[in-house]
Amino acid sequence: MVKRIARKELVEMLRDGRFRVLSAAVLAVSLLSLAVGWKHYADVSRQHAAAQAATRDQWLHQTKKNPHSAAHYGVYAFKPKSPLAIVDTGVDPYVGVAVWLEAHKQNEFKYRPAQDRTAVGRFGDMTAAETLQVLVPLFIVLMTFSAFAGEREQGTLRQLLSLGVEPRDLAVGKAAGIGAALGLVLLPSAVLGVTALTLTSDGGFLSGKPTRAALLVAFYLIYFAVITAVSLGVSARARSSRLALVVLLSFWFANSLVASRVVADVASWLHPTPSAVEFQKAMDAELNKPEEMERRLDRRKAELMRQYKVETVDALPVAFSGVSLQEGENHGDEVFDAHYGRLFDTFDRQNTVYQLAGLVAPMLAIRSVSMGLASTDFQQHRHFITAAEGYRRLIQRTMNDDIMAHPTRTAYLAGRELWEKVPEFEYEAPAASWVLGNTRWSIGVLFAWLVVAAFWMSRPLATAML
Amino acid sequence: MLRADATVWVIAGIFAAGIGYAMMNGVRWADFERTALRAAVAEEAERYQKIQTQIIELQQADRPVAAFGDARNPTMFGSRFGPRYATLPVGPLAPLAIGQSDLLPSYFKVSTDARETIVAASEIENPHRLLVGRFDLAFVLVFLYPLLILAVTYNMLSSEKEQGTLALALSQPVALSTLAAGKVALRSLLLVGIVVSFSVLALLATGVSVTAPGALVRLVLWLAAVGAYGALWFGLAVLVSSFGRPSATNATILATVWLLLVVMLPSLFNLVATTLYPVPSRVEMIQAVRVASDEAAGAGSTLLARYYEDHPELASGGAEQAMNDFNIIRVAVDVDVAKRARPVVDRYEQQLARQQQMIDRLRFLSPAVLMQDALNDVAGTGTPRHRHFLEQVDRFHAQWRGFVVPLIFQKARITDVSTAPAFVYDEEATAAVARRVLISGMGLLAPAVVMAWIGHRRLRRYPVVA
């Protein structure tokens, strides 16, 4: 029975002019956004790979100089583009693309691509994810609002139920029919997207690419199922199809345009973001503490003199300048970890609010999951920041150790041998399981929606439906 | 009749709540920005006080101090101790639209460093929040306002026809177009009245001063934009109504047009502009600047000689040769890097300018973009005002270098920090703002008039009975 109802729904939809127009639009937009996403990905990842190679080259081909000068010269870390950014660019336009790794300082990521666009960019990116999160739900709403309400108005619903068709079978059958129709529309884009993904080589940046892609597809299907179930549930209960449409369009508007903004406000009331001036000032105050440095250096001096059993600093077999520089780094690292840690924790807490707010608007849940799996959310940006900072600290330690190992009266100069001691910066994105852990709230919320909406859809009593 | 319709009251309620919330948000953001700017000014004042005390101490004690820690050294003053903030003040009507002000920073710390590193600074914000955008009054006006207009107008004639009351009304000596005009007039009075009164009330309640210079003109421009945008959607509703289709069809057509003009076209424009004129990733610029600095640093002494050839008046010779030469080489390198980086930076700016040009033409196809531009202009949070600010930042940067560099060449020391130039923001001419807003307004009004006129003519052939 369910199968028959589904087939009837599908055939009816395929004959509907509105369906053809809408599906052509969805198809065109998703194909266009995928093509542009792919081109953008190809361009940017080429540029970043070239820059990363060039910065390594510059590091290796430095002239002979003191290791600390080399540390000041530093290197750049360029954030690689995730191949799945073809589907969902996430927060990528709003975070910097590169960071300078130099001595004494954890710099911020600079150059947000959004600053290199016109104001119209703020209306949103036409990405495949945007299409899936905003347009497809609208498509579902428009195709389903009259599923029950319309039949009731025409009187066919009474007929059907009098034949002994179970209301639940009817609901499930209609959902399946709509699902099949949707599948027909999205299949070409999905095939194309997967092909594009397999064609991209990411140099090992994103491990578990197929897993992520498969999960992405699965979660979007859940999201569509939620929207379909909600739509059918409303259609089964609304007095008229007109009312069903109004309710569903309001839901769509609130879900896709309003909720994210309001929740962002709430999140920043709960966990306020500091201004750059305040943040910098607080950090500088802790960095520039001469007494603290003196205390640390005295302690290190005493430790070293005890270790080498000498009476004066000059008698140490190591260059104390290296020790002192490293001690400065250690102090800085503690301050950076505390301050940046606090800032990023604030962002993470705000993002948890977004995730939980998915309970009100499922779009927020799928958005978090989608960005997470595409490796374009803030948490993965933070993961990269941490990796880059770790690399900076490695450079500092290598340089300072070398200074320490070369106590000379004259100026000490190092060469390529030392530069090569610093390995190339290689970043590997976290595994898909890590992402699932981060987005657990959103995933939970999506499943909760699915269960509740499915239950709600299949439960309208036959009498209520008439 | 309208008063009896519950939907109108629901709509008015939603609208009022949305406006109140949006205004609160706008005011909060303007306060945050003002606080940040005040913090910047305070930080600078505090720093200046501290270095002045330090300078006096050093002058009196005349004890040796490391050149890098000496604020009297013009190189160190210009780059580390003395940088001054260039700030973009928050406009009087800023709460009306957050616009680009959350993305484009409103203060820069101007030093002798390369211009590119100075303007690469940005305000701290959760990237997720930048991505989803803000619930400000502009959002309510651009997205919600047209929807509410369409909700009260889509069936203004068709429902009467469907109920059969239209023929009755027209049996009176009244023309259909007069009736329609009356209906539109009443509805526009109601909706525009709600928007204007609530916004202005909220504006006054939050202590926004309308007496600030230019504020009143801007408020009038804002009213004009709200009127023109409303007129456009009323014009559209009249046009669609005049086809004499049933209410449901009207609703579908109007909702589709809204989706197309407000949601789809802006992101499509963005897609087209960024694809046709892509601004390459800034990593290319970083690399170009770095290569230029390496080459310039390598050629440091040659550059120094050349600089003296260009500026013989500055080659006075004297003591403290090493430090001074270091300073001078640094200046020469900076100048050389700026010269070499210029073409690369220009390429970015040209691409961005091309994008802007394209959007400036395309935007006449989407009233949403026109409206957003007009609202940003009125609030002073748009791209043009920020560009105006950046030009002044550039000039101030040149002025700052013009202050520091001669001191370096004269081997002078800074004794009085108050001689350092300060940034004074020169506000855009109100006439320039008015011109931009009026152009956007004309772009809204012209199609409104055309649609209303066509609709009016078509009403003569309106099928009065179903």
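Since the structure is predicted, the reported quantities are computational estimates derived from the model, not experimental observations.

Attention now goes to the overall build of chain B. When you go through chain B residue by residue, the secondary structure sums to 16 helices and two strands. Taken against the 2.2 N^0.38 rule, which gives 23 Å for 466 residues, the C-alpha radius of gyration of chain B at 30 Å runs more than 25% over that of a compact globule. For chain B, with 466 residues in total, the buried portion stands at 43%.

With that settled, the discussion passes to the overall build of chain A. Of the regular secondary structure elements, chain A holds 18 helices and three strands. For a compact globule of 466 residues, the expected C-alpha radius of gyration is about 23 Å, and chain A comes in at 29 Å, more than 25% above that figure. When the backbone C-alpha atoms are referred to their principal axes, chain A occupies close to 105 × 40 × 40 Å. Out of the 466 residues in chain A, the part that is buried amounts to 45%.

Across soluble globular proteins, you tend to see nonpolar side chains buried next to one another. By size, the foremost hydrophobic cluster in this structure holds 181 residues, and its most contacted members are L141(B), A225(B), A237(B), M371(B), L375(B) and V378(B). Of the residues forming this core, the biggest block, 15 residues, is contributed by helix α9 (residues 215–241) of chain B. With residues up to four places along the chain from it excluded, the contact list for L375(B) reads L96(B), A97(B), A138(B), L141(B) and A225(B). Among the nonpolar cores identified, the runner-up in size contains 32 residues, and A276(A), A86(B), A332(B) and F389(B) belong to it.

Bringing the interface of chain A and chain B into the picture now. On the chain B side, the residues contacting the 54 residues of chain A number 58 residues. Elements represented by at least two residues in the side of chain A that touches chain B include exactly α2 (17–60), β1 (75–78), α9 (241–270), α10 (276–287) and α12 (320–356) of chain A. The leading source of residues in the side of chain A that touches chain B is α9(A), at nine residues. Of the residues assigned to the side of chain A that touches chain B, the class counts are 29 nonpolar, 13 polar and 12 charged.

This next bit is on the packing of α9(B) against helix α14 (residues 367–379) of chain B. Residue and element names in this part refer to chain B. The geometry of α9 relative to α14 is characterised by a closest axis approach of 9 Å and an angle of 170° between their N-to-C directions. It follows that α9 is roughly antiparallel to α14 by the angle criterion. Taken together, the residues of α14 that come into contact with α9 (itself represented by R218, L221, W222, A225, Y229 and L232) are P367, M371, A374, L375 and V378. Residues that form the contact of α9 with α14 fall into these classes: 10 nonpolar, no polar and one charged.

It is worth spelling out the packing of α14(B) against helix α16 (residues 430–458) of chain B at this point. Packed helix pairs are characterised by how far apart their axes lie and by the angle those axes make with each other. Residue and element names in this part refer to chain B. Running from N to C, α14 and α16 cross one another at 160°; their axes reach a closest spacing of 9 Å. Put simply, α14 runs roughly antiparallel to α16. The way α14 lies across α16 gives a crossing that is left-handed. Across the interface between the two elements, P367, L370, M371, D373, A374, D377 and V378 from α14 touch V433, R436, V437, S440, G441, G443 and L444 from α16. Within the contact of α14 with α16, the residues separate by chemical class into eight nonpolar, three polar and three charged.

In this section: the sheet that holds strand β3 (residues 105–106) of chain A. A sheet is described by the order of its strands in space; here three strands give the open sequence β1-β2-β3 (chain A), paired in antiparallel fashion. Sheet topology places β1 and β3 of chain A at the edges, where each strand pairs with a single neighbour.

Our next topic: the pairing of strand β2 (residues 98–102) of chain A. Each regular strand displays side chains that alternate between the two surfaces of the sheet. Residue and element names in this part refer to chain A. Pairing of β1 with β2 involves four bridges; the strand directions are antiparallel. Across the sheet, F78 pairs through a bridge with A98, a residue of β2. Sheet topology places β2 next to β3; two bridges connect them, and they run antiparallel. Bridged to E102 within β3 is K105. Hairpin connection, β2 to β3: the antiparallel pair is bridged by two residues, and H104 has positive phi, about 70°.

Residues with a pLDDT of 70 or more make up 91% of chain B, whose mean pLDDT is 85. Interface confidence for the predicted complex, given as ipTM, is 0.91, next to a pTM of 0.90.

Below, the discussion takes up unusual backbone geometry. The backbone of S375(A) shows a phi angle near 70°, a positive value even though the residue is not glycine. Tracing the backbone shows S375(A) in the loop between α13 (362–373) and α14 (378–404). Here S375(A) falls in the buried class, since 29 other C-beta atoms lie within 10 Å of it. Not every positive phi belongs to a glycine, and K411(B) is a case in point at roughly 55°. Here K411(B) lies in the loop between α15 (383–409) and α16. Taking the C-beta count within 10 Å as the criterion, K411(B) has 18 such neighbours and is therefore assigned partly exposed.

Attention now goes to the environment of M285(B). Residue and element names in this part refer to chain B. Position of M285 relative to the elements: it lies in helix α11 (residues 283–298). Along the primary structure M285 and Y348 are separated by 63 residues, whereas in three dimensions their C-alpha atoms are 8.6 Å apart. Apart from residues no more than four positions distant in its own chain, M285 is found in contact with E116, V344, V345 and Y348.

Summing up the model confidence of chain A, the mean pLDDT is 87 and the portion of residues at 70 or higher is 96%. The weakest mean pLDDT in chain A belongs to helix α18 (residues 462–465) of chain A at 54; the strongest belongs to α13(A) at 95.

This part is about the environment of A167(B). Residue and element names in this part refer to chain B. Topologically, A167 is positioned in helix α7 (residues 165–170). Taking the number of C-beta atoms within 10 Å as the measure of exposure, A167 has 12 and is therefore exposed. Sequence-wise, A167 and S366 are 199 residues apart; in three dimensions their C-alpha atoms are separated by 37 Å.

What follows is about helix α4 (residues 128–144) of chain A. End to end, α4(A) covers 23 Å across 17 residues, agreeing with the expected 24 Å (1.5 Å per residue, within 8%). Burial runs high along α4(A): 17 of the 17 residues are buried.

Time to look at the environment of A292(B). Residue and element names in this part refer to chain B. As for its placement among the helices and strands, A292 is situated in helix α11. Taking the C-alpha atoms as reference points, A292 and D336, 44 residues apart in sequence, are found 7.7 Å from one another. Leave out the neighbours within four places in its chain, and A292 touches V337, R340 and A341.

Here is what the cut-offs are and how they apply
In this convention, every chain numbers its residues from 1, walking through the sequence in written order. Here chains are named by letter from A upward and ligands by number from 1 upward, in the order in which they appear as written. The predicted nature of this model means local features are confined to residues of pLDDT at least 70 and side-chain atom pairs, given and counted, to a pLDDT of 80 or more, with totals for whole chains, interfaces and linings taken over all residues. The helix count covers DSSP runs of H or I at least four residues long, the strand count covers runs of E at least two residues long, and both are numbered beginning at the N terminus. Within these notes, the globule rule equals 2.2 Å times the number of residues to the 0.38 power, and the radius of gyration is based on C-alpha atoms. Residue burial here comes from a neighbour count, namely the number of other C-beta atoms, placed from the backbone, that lie within 10 Å of the residue's own C-beta, with 20 or more meaning buried, 12 or fewer meaning exposed, and in between meaning partly exposed. To form a nonpolar core, buried Ala, Val, Leu, Ile, Met, Phe, Trp, Tyr and Cys residues must be joined through C-beta atoms within 7 Å. Working definition of a contact: two residues with C-beta atoms, positioned from the backbone, lying within 7 Å. Throughout this entry, Asp, Glu, Lys and Arg are counted as charged residues, while Ala, Val, Leu, Ile, Met, Phe, Trp, Tyr, Cys and Pro are counted as nonpolar. The remaining residues, Gly among them, count as polar. Between N-to-C directions, angles span 0 to 180 degrees; the directions come from axes that are lines fitted to C-alpha atoms, helices contributing only their stretch in contact. Should an angle fall under 35 degrees it is taken as roughly parallel, and over 145 as roughly antiparallel, whereas 65 to 115 is taken as roughly perpendicular and any remaining angle as oblique. Crossing chirality is assigned from the near helix's rotation relative to the far helix, an anticlockwise turn below a right angle marking it left-handed and a clockwise turn marking it right-handed. A pair of strands is labelled paired if DSSP reports no fewer than 2 bridges between them. Confidence of the predictor in every single residue is expressed as pLDDT, which spans 0 to 100. Here the expected span of a helix is defined as 1.5 Å times the quantity of residues minus one.

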